[in-house]
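Spelled out from the first residue to the last, the chains are:
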Amino acid sequence: MADQVKTIAVLTSGGDAPGMNAAIRAVVRTAIARGLKVKGIERGYMGLLNEEIIDMETHNVSDIIQKGGTILGTARCPEFKFPDVQQKGADICKKHGIDGLVVIGGDGSYRGAQALARLGINAIGLPGTIDLDIACTDYTIGFDTAVNTAMEAIDKVRDTSSSHERCSVIEVMGRHAGYIALWCGIANGAEDILIPEKYDYNEQAIINNIIEKRKMGKKHHIIINAEGIGHSNSMAKRIEAATGIETRATILGHMQRGGSPTCKDRYYASIMGAYAVDLLIEGKTKRVVGYRNGEFIDYDIEEALAMTKNIPEYSFEISKLLAK
């Protein structure tokens, strides 16, 4: 089977995440070291359909491991869910002699890889998302950097919030998942943490908590609000009207996607990139790479997409206990 894979390609799809460049670098250099040719597909599946395909050599990935974003670029490509478009993508891969494909992205990107694998293109997925919402893995490329970026920003907001004796509603990213909010809520010592998986939309309980904490002498009140709940500006206005306490909303936004990746994101992404190449060389296809219980592992993509992931109940309970 190893002789059948001679040329592999790598693409990044969906939202960018710090550490994607480390994964690209590892794919390119591992593949070349193993005697394979490597191509880069720019702008994700959209770039594949437009045949934005370049040859890649070792020097193309020099001096990128410390950079955020992705040197290959990324784009959303909703039309790739249609069978005729998927067939076009597979035909383009074959036209360019691509035997194997490494896709770095989230669940949507995995579905594209799944479709290409069914059409005869050996495909391996890597978990690239700041949201930590891929069920088959305890780690996703970019989460560590994003959560540290958010944590540092929240510390800064806390300083000014305390100086002015304000309440601050700070919105973090995460799409429909609350992992960034939960981690930051605990790490930043927030008084309230609102995540889609647990929030009951009882705003009066938050207002009561703010008033009670103020009576206890608390000079600030930090509410970490997950993107999946949103509406931070209107929430801040309602809280101020109900409590009489000046309340500001801060939406951290896409700053969480950028910046130089942490050591963890560089290391894990590098190992995952190399692992993906070796899976292709072994003749594997339709697999996704993950990290579980201290080990790098791989799953069948069908199995991975069928898995579900929940916020750890113990972590959430402890977050409430520590906020008292």
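Residues numbered from 1 in each chain as written. Predicted model: local features only at pLDDT ≥ 70, side-chain atom pairs only at ≥ 80, totals over all residues. Heavy atoms only, no water.

Trainee: So what exactly am I meant to see when it comes to the overall build of the chain here?
Mentor: The helix and strand tally for the chain stands at eleven helices and eleven strands. Buried positions account for 55% of the 324 residues belonging to the chain. The long-range share in the chain, meaning contacts at least 24 apart out of those at least 6 apart in sequence, stands at 74%. When the accessible surface of the chain is split by element, carbon and sulfur atoms take 50% of a total near 14000 Å². (Helix = DSSP H or I, 4+ residues; strand = E, 2+ residues; numbered from the N terminus. Buried < 20%, exposed > 50% of the residue type's maximum accessible area, 1.4 Å probe, protein only. Contact = heavy atoms within 4.5 Å. Areas by Shrake-Rupley, 256 points an atom, 1.4 Å probe, with all protein chains shown as cover.)

Trainee: How do you make sense of helix α8 (residues 232–243) when you look at a structure like this?
Mentor: Compared with the 16 Å implied by 1.5 Å per residue over twelve residues, the 16 Å span of α8 between its first and last C-alpha is a close match. Buried residues of α8: Ser232, Met235, Ala236, Ile239 and Thr243, and no others. Relative to the axis of α8, the buried residues are bounded by an arc of 100° and lie together on one face. Along α8, the residues that are exposed and aim more than 90 degrees away from the buried face are Lys237 and Ala241. Each element contacted by the buried residues of α8 is listed here: β6 (167–172), β7 (192–194), α7 (203–215), β8 (221–226) and β9 (247–251). Looking one or two places after α8, you find Gly244, whose phi comes out positive at around 75°. (Expected span 1.5 Å × (residues − 1). Arc of directions from axis to C-beta.)

Trainee: In this structure, what is going on with the pairing of strand β11 (residues 295–300)? I would like to understand it.
Mentor: The side chains of a regular strand alternate between the sheet's two faces. In terms of strand pairing, strand β10 (residues 287–292) meets β11 through six bridges, oriented antiparallel. Paired with Tyr291 across the bridge in β11 is Phe296. Between β10 and β11, which pair antiparallel and follow one another directly, the connecting turn spans two residues, one of which, Asn293, has a positive phi of 50°. (Pairing = 2+ DSSP bridges.)

Trainee: Please explain helix α4 (residues 107–118) as it appears in this structure.
Mentor: Note: α-helices contain 3.6 residues per turn, so residues at a spacing of three or four share the same orientation. If you check α4, its first and last C-alpha atoms are 17 Å apart, about what twelve residues at 1.5 Å a residue would give, namely 16 Å. Within the span of α4, buried status applies to Ser109, Tyr110, Gly112, Ala113, Gln114, Ala115, Leu116 and Ala117. In this fold, the buried residues of α4 make contact with α2 (44–49), α3 (83–95), β4 (100–105), β5 (122–127), β10 and α10 (301–306). Directly after α4, the chain includes Gly120, whose backbone phi takes a positive value near 95°.

Trainee: When you look at the packing of aromatic side chains in this model, what are you seeing that I'm missing?
Mentor: Where two aromatic rings form a pair, the distance of their centres and the angle of their planes describe that pair. Following the criterion strictly, the structure yields eight aromatic pairs and no others. Residues Tyr45 and Phe80 carry aromatic rings whose centres are separated by 4.4 Å and whose planes lie at 20° to one another, so their mutual orientation is stacked. One end of the pair, Tyr45, is in helix α2; the other, Phe80, is in the loop between β3 (53–56) and α3, with 35 residues separating them in the sequence. Members of the aromatic cluster, each reached through a chain of ring pairs, are Tyr139, Tyr267, Tyr268, Tyr291 and Phe296. (Phe/Tyr/Trp six-rings, centres within 6.5 Å; stacked < 30°, edge-to-face > 60°.)

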